[in-house]
Amino acid sequence: MTALELPAAVPTMRELHVGEQVALTGTIFTMRPAVYEYVHDGGEMPFLSEGSLIYNASPVGRKKGKKWTIDSVAPDHSTPLDSMIKELFVRFGVRGVIGRGELGKPSLEACRQYTSCCFHTIAGAGPLLASHVKNVNEVHAIEKLDPSDAVWELEVEDFPIVVMIDSHGQSLHDMIRDVSNRRLLNLQL
Amino acid sequence: MSALESSLLELIREASTRLADDVWQGLVSAYRSETEDSRSKAIMRWILENQVTAAAENLPITPHTSSMHFHVECPAGTDRASLTEAARVAVANATKDGLVSQYLVDPISGKSLKTNVGVGMPQVHFAEAPSDALRIRLLMKGNGAEGAGWQTVLPDVSITAAFDLPGVRRAVLEALIRIQGRGCGPGVIGVGIGGDRASGMTLAHRQLFRGIGDRNSVRVIAQLEKQLLEDANNLGIGPLGLGGKTTLLGVKIAAESSPKESCYVSISYLGWTYRRQGVELTPDGEIKTWIYPRTSNYEIPKVATSAPKKVKPVDTTPKRRPRTAREALLEDARDKAIRTVDSVSAAKASAKGKKAKKATKSATSSSRSSTAAKKTAAKKKTKVAKKRTTGKG
């Protein structure tokens, strides 16, 4: 398992390869389709800095006094957001997106061009992933959006992720698809 | 809240926070079977750890939901409307308690339905019970699992599947190739053969209520289930579709009568977040028993190595029929010819080798003499230099 600390520098991202298990430590930001569309329409994200990571997820949390705690934070499908991921790299210097599901050509090209990665985390495993969140720093745009749609700034420790697309133009899903197709042919139906 | 409503809320709580024993054991054996130190093993471990965390903190194993199905078996004359109403109240309360995320919207206006209660949702299906027991089963599906469902009509030329059992096998494998890791794999695939579009899908869906280790009572279908499970786990798709041995925990097939021109093959999928449980209720609406055995203690096995399989050594020597007299004669003659050619060429090569050795010897001796000459020349030069310096001093 490789350890990755945020903010991520370009040379670090270049060293990550497809299929590698990574333990992530640092600050990540959750984003939902509504926020992606806001960015697409030219909206600003002042809290995002170069080398940060985006997590496609809808957290379930509770507010105790002024402090938010988190119960569950399972990943969302990245697939519908495929065409909009590049904008995050271009405009805010984001170095990666965590989610679930397959990503196609647009993300593959964007990762190669901007030395970034797309990651896969454990689909459905809300409580486990929440146990790796050490602190909720802030919940941005909560006054405008539903709590699950807002941008949660999460401080994570040893957050388990797998490299799905690396900066060298390789996609784990493409590889597995090739393997499974070949094995299907070998079954000689 | 009435006794029935609170029993149904308890059913939702149990289904969403604790995997039934058969599912847990299925996941544990999948964890055991994965290769040591592999990515798939790590993923299976994370999946097991998720259940341990969820059970310890009484949290749902996943909040993501896209549909809830109640299947009720009730004696004749049961008040079905009040049962449906109780299910709706229980779902609204479960949403309030955070067991289910807010997932339901009105598709026309796009407005979210805060309580997850809407037109036709949650779904409540009724069937006449064989005895006078009241049994309610619940299945909760996430968005990925529901989206992974598929349907085709045999014969299907595009996937070269005929209207027969091998055709069904081909269609199910095609579905798995399409699903890859979507819907929180590894999971269980429910297959409905025959019927029409709607009834086939319902049949497939109902198969997900069967136990993980369950086999169809019809021998041919049971064989197909076994075969497909083996096939699926040989595809290399693995947990979450990120590669590995366990693509599926189970294959559950059932068949309905079919029109003779075309056979529908319907597929319903449910991933490792297998939120399925059932209760038998007393006439007052209290919980009598749980239908699916519960696990008292979720424990991840420490020594996760599966017993190494004994593999028979494979005989790799090619099997040939005995030679005929003519073949033997020809082959022996050929071998002899090759041997003589080899010996001649070897002799030539050795002769060449001797010559070459001589040449290298002379070359090394000459080089030695040349280095000696250089050394003496260098000595002379230094002497001259010393003389010059002494002269100046």
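Provided above is the structure to which this section pertains.
Computed from a predicted model, the values in this text were never measured in an experiment. (Residues numbered from 1 in each chain as written. Chains lettered and ligands numbered in written order. Predicted model: local features only at pLDDT ≥ 70, side-chain atom pairs only at ≥ 80, totals over all residues. Heavy atoms only, no water.)

## Quick notes on the overall build of chain B
Next, step 1: Looking only at helices and strands, chain B features nine helices and nine strands.
Next, step 2: Relative to its 393 residues, chain B shows a buried fraction of 46%.
Next, step 3: Looking at chain B alone, contacts between residues at least 24 apart form 77% of all its contacts between residues at least 6 apart.
Next, step 4: Entry remark: accessible area of chain B is about 21200 Å², with carbon and sulfur atoms responsible for 56%. (Helix = DSSP H or I, 4+ residues; strand = E, 2+ residues; numbered from the N terminus. Buried < 20%, exposed > 50% of the residue type's maximum accessible area, 1.4 Å probe, protein only. Contact = heavy atoms within 4.5 Å. Areas by Shrake-Rupley, 256 points an atom, 1.4 Å probe, with all protein chains shown as cover.)

## Here's the deal with the sheet that holds strand S4 (residues 150–154) of chain B
Residue and element names in this part refer to chain B.
Next, step 1: Taken together, the four strands give an open sheet; going across it, the order is S4-S7-S5-S6, and neighbouring strands pair in mixed fashion. Unpaired on one side and paired on the other, S4 and strand S6 (248–255) mark the two borders of the sheet. Strand-to-strand, the axes of this sheet are offset by a mean angle of 15°, without reference to chain direction.
Next, step 2: Looking at chain direction, strand S5 (residues 187–193) and S6 are connected through seven bridges and run parallel. Paired with Ile193 across the bridge in S6 is Ala255.
Next, step 3: Helix-sheet contacts for helix H6 (residues 165–179) involve S4, S5, S6 and strand S7 (263–270), and the interaxial angle to S4 is about 150°. (Pairing = 2+ DSSP bridges. Axes fitted to C-alpha atoms, helices over the stretch in contact; angles between N-to-C directions.)

## Quick word on the environment of Ser101(B)
Residue and element names in this part refer to chain B.
Next, step 1: With respect to the helices and strands, the residue Ser101 is situated in the loop between helix H4 (80–96) and strand S2 (123–128).
Next, step 2: When the C-alpha atoms of Ser101 and Thr62 are compared, they prove to be 9.0 Å apart, with 39 residues separating the residues in sequence.
Next, step 3: In this structure, Ser101 is in contact with Pro63, His64, Thr65 and Asn116, ignoring residues within four places of it in sequence.
Next, step 4: Within the structure, Ser101 has its side chain in polar contact with the backbone oxygen of Pro63 (distance 2.9 Å). (Polar contact = N/O pair within 3.5 Å; in protein donor to acceptor, adjacent residues only side chain to side chain.)

## Digging into the interface of chain A and chain B
Next, step 1: On the side of chain B, 37 residues touch chain A, which itself brings 38 residues to the contact.
Next, step 2: For the chain A and chain B pair, buried surface summed over both sides reaches about 3000 Å², with 66% attributable to carbon and sulfur atoms.
Next, step 3: Linking chain A with chain B are zero salt bridges, by the criterion used here.
Next, step 4: Summed over the shared surface of chain A and chain B, the number is seven residue pairs in polar contact (both at pLDDT 80 or more).
Next, step 5: For the side of chain A that touches chain B, the elements supplying multiple residues, two or more each, are strand S4 (60–64), strand S5 (67–72), helix H5 (126–131), strand S9 (151–165) and helix H6 (172–186) of chain A.
Next, step 6: Broken down by element, the residue count for the side of chain A that touches chain B peaks at nine residues, all from H6(A).
Next, step 7: Across the side of chain A that touches chain B, the residue classes break down as 17 nonpolar, 13 polar and eight charged. (Buried area = accessible area lost by both parts, 1.4 Å probe. Salt bridge = Lys/Arg side-chain N within 4 Å of Asp/Glu carboxyl O. Nonpolar A, V, L, I, M, F, W, Y, C, P; charged D, E, K, R; others polar.)

## Digging into the nonpolar core
Next, step 1: Leu24(A), Val73(A), Phe119(A), Ile122(A), Leu154(A), Leu27(B) and Ile189(B) are the most contacted members of the largest nonpolar core, which has 99 residues in total.
Next, step 2: With eight residues, H6(B) is the single largest residue contributor to this core.
Next, step 3: In this structure, this core is formed jointly by two domains, domain 1 (1–105 + 112–142 + 274–302) and domain 2 (144–272) of chain B, each of which donates at least three residues.
Next, step 4: With residues up to four places along the chain from it excluded, the contact list for Ile189(B) reads Val172(B), Leu176(B), Ile179(B), Leu208(B), Leu248(B), Gly250(B), Val251(B), Lys252(B), Ile267(B), Ser268(B) and Tyr269(B). (Core = buried A, V, L, I, M, F, W, Y, C linked by side-chain atoms within 4.5 Å. Domains from an automatic or database assignment.)

## Concerning unusual backbone geometry
Next, step 1: Cis rather than trans, the peptide bond between Leu6(A) and Pro7(A) has omega equal to 0°.
Next, step 2: Within the secondary structure, Pro7(A) sits in the loop between strand S1 (2–5) and helix H1 (10–15).
Next, step 3: Cis geometry is found at the peptide bond from Leu154(B) to Pro155(B), where omega equals 0°.
Next, step 4: Its location among the elements puts Pro155(B) in the loop between S4 and H6.
Next, step 5: At Asn116(B), a residue that is not glycine, the phi angle is positive and equals roughly 65°.
Next, step 6: Positionally, Asn116(B) belongs in the loop between H4 and S2.
Next, step 7: Its identity is not glycine, yet Thr160(B) carries a phi of approximately 45°, on the positive side.
Next, step 8: Checked against the element boundaries, Thr160(B) lands in the loop between S4 and H6.

## Here we look at helix H3 (residues 39–57) of chain B
Next, step 1: The end-to-end C-alpha distance of H3(B) is 27 Å, a good match for the 27 Å that 19 residues give at a rise of 1.5 Å each.
Next, step 2: By the burial criterion, the buried members of H3(B) are Ser40(B), Lys41(B), Ala42(B), Ile43(B), Met44(B), Trp46(B), Ile47(B), Leu48(B), Asn50(B), Gln51(B), Thr53(B) and Ala54(B).
Next, step 3: In this structure, the buried residues of H3(B) make contact with strand S2 (21–31), H5 and S9 of chain A together with helix H1 (3–17) and helix H2 (21–33) of chain B.
Next, step 4: One or two residues past the end of H3(B) sits Asn58(B), with phi positive at roughly 55°. (Expected span 1.5 Å × (residues − 1).)

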